[in-house]
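Coordinate analysis (summary)
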Amino acid sequence: LVSIGVITLLIAYVVPKVVEQFDGVGQQLPLLTRIMISISDFIVNSGWLVLAVLIAASFVWKQLLKNEAFLTRIHRLMLRIPGLGSLITQLETARLLNTLSIMVNSGSPLLESLKISRETLHNRVIRQAVADATERVREGQLLSKTLADSKVFPPISVYMIANGEHSGELGQSLDHAARQQENLLTSVISVATRLIEPLLIIIFGALVLAIVLAILLPILQLNNLTQF
C-alpha cells in the first residue's frame, strides 16, 4: 500500500511538473512520457471518482457477503483457485485438528468436539463438510471415513486420524495430525512469503523505472536536438 501510494503521487504530481518544462520545445514527447502524462491526468481529474467507486463497491460487497448462499459460492470459488485453495484448506484443517485435539484430549465426547470445532472454521464449504461428517459419525461411521469421503481434507491428516481410531488413541493421533498440519502450513506460508517479496520488488522496480524513463527521455531528446 505504501509503495502504491508513493508511485501514485509520483505519477500524479512529480512527472507532470518535470515534463511540463518541455512543452515549449515544439517536439512531440516520447510515447512512454505521453502515457505517463495521460495516467497522471486521469488520476488528478478522475481519482476521486475511482475512490468513490471503490468505497461503494466495498460497501456492496460487504452486504452481499451477509447472504449465506452468496458467501458459500465465493468460498467454493476460492477453494478452486490454484495455490490459494490449498492454503485455505490447510489453514482450516489446522484449525479443525487443533480444536478437535484439545476437546478430545480433555475428555469431551467426539460429537460435541466436532460441533465446537466446526464453529472455528471460516470457509463455509469446509464447515459444511464437517457438519456432514458429524452427522455421519452420529450414525456410527468412523470419523476418518467421513472426512475422506468429503474429499476436502488432506489425505495425510485423514490417514493419521484413521490410525488413531484403529489403535484406540484418537486423541494422541489428533494431536500429532494437528502438529504435522501446522508445520506444513508454516512451511507453505514461508515459501509463499519468500516468493512474493522478490515479485513485489520486481513489479514496483519496473514501475519506478518507467517513471524515471518518462522523465529522462524528453531530456535526452532535447539534448539530441540541441546537438543537432
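Residues numbered from 1 in each chain as written. Predicted model: local features only at pLDDT ≥ 70, side-chain atom pairs only at ≥ 80, totals over all residues. Heavy atoms only, no water.

Here's the deal with the confidence of the model for the chain
- Model confidence for the chain is summarised by a mean pLDDT of 85, while 94% of its residues fall at 70 or above.
- Per-element mean pLDDT across the chain ranges from 81 in helix H1 (residues 2-19) up to 91 in helix H3 (residues 68-80). (pLDDT = per-residue confidence, 0-100. Helix = DSSP H or I, 4+ residues; strand = E, 2+ residues; numbered from the N terminus.)

Points about H1
- Here H1 is 18 residues long and its end C-alpha atoms lie 25 Å apart, about the 26 Å a rise of 1.5 Å per residue gives.
- Largest kink in H1: about 35°, centred on Leu10.
- Every buried residue of H1 is accounted for by Ile7, Ile11, Ala12, Val15 and Val19. (Expected span 1.5 Å × (residues − 1). Bend = angle between axes of the 7 residues up to and from the residue. Buried < 20%, exposed > 50% of the residue type's maximum accessible area, 1.4 Å probe, protein only.)

Describing the nonpolar core
- Leu97, Leu100, Leu143, Leu147, Phe153, Ile161 and Leu174 are the most contacted members of the largest nonpolar core, which has 21 residues in total.
- Of the residues forming this core, the biggest block, five residues, is contributed by helix H6 (residues 124-138).
- Here Leu143 is in contact with Leu100, Leu110, Leu114, Val137, Ile161 and Glu165, once residues within four sequence places are set aside.
- Of all hydrophobic cores here, the second largest spans 10 residues; its members include Val19, Met36, Ala210 and Ile215. (Core = buried A, V, L, I, M, F, W, Y, C linked by side-chain atoms within 4.5 Å. Contact = heavy atoms within 4.5 Å.)

As for the pattern of salt bridges
- Scanning all chains against the criterion turns up seven salt bridges.
- With its nearest N and O atoms 2.7 Å apart, the salt bridge here joins Arg136 to Asp149. Taken as a pair, Arg136 in helix H6 and Asp149 in helix H7 (residues 143-150) lie far apart in primary sequence, 13 residues in all.
- Its relative accessible area of 24% is what places Arg136 among the partly exposed residues. (Salt bridge = Lys/Arg side-chain N within 4 Å of Asp/Glu carboxyl O.)

Structural notes on the packing of H6 against H7
- At a minimum axis separation of 9 Å, H6 and H7 run at an interaxial angle of 145°. In the crossing of H6 with H7, the sense of the turn from one axis to the other is right-handed. For the pair H6 and H7, the contacting residues are Ala129, Ala133, Arg136 and Val137 in the first and Leu143, Lys145, Thr146, Leu147, Asp149 and Ser150 in the second.
- Its residues placed into classes, the contact of H6 with H7 shows five nonpolar, two polar and three charged. (Axes fitted to C-alpha atoms, helices over the stretch in contact; angles between N-to-C directions. Left-handed = near helix turned anticlockwise from the far one by under 90°. Nonpolar A, V, L, I, M, F, W, Y, C, P; charged D, E, K, R; others polar.)

Overview of the packing of aromatic side chains
- Summed over the entire model, instances satisfying the criterion amount to one aromatic pair.
- Note on Trp61 and Phe70: the rings are 5.6 Å apart at their centroids and 80° apart in plane angle, and the pair reads as edge-to-face.
- For Trp61, a relative accessible area of 39% corresponds to the partly exposed category.
- Owing to a relative accessible area of 18%, Phe70 belongs among the buried residues under this scheme. (Phe/Tyr/Trp six-rings, centres within 6.5 Å; stacked < 30°, edge-to-face > 60°.)

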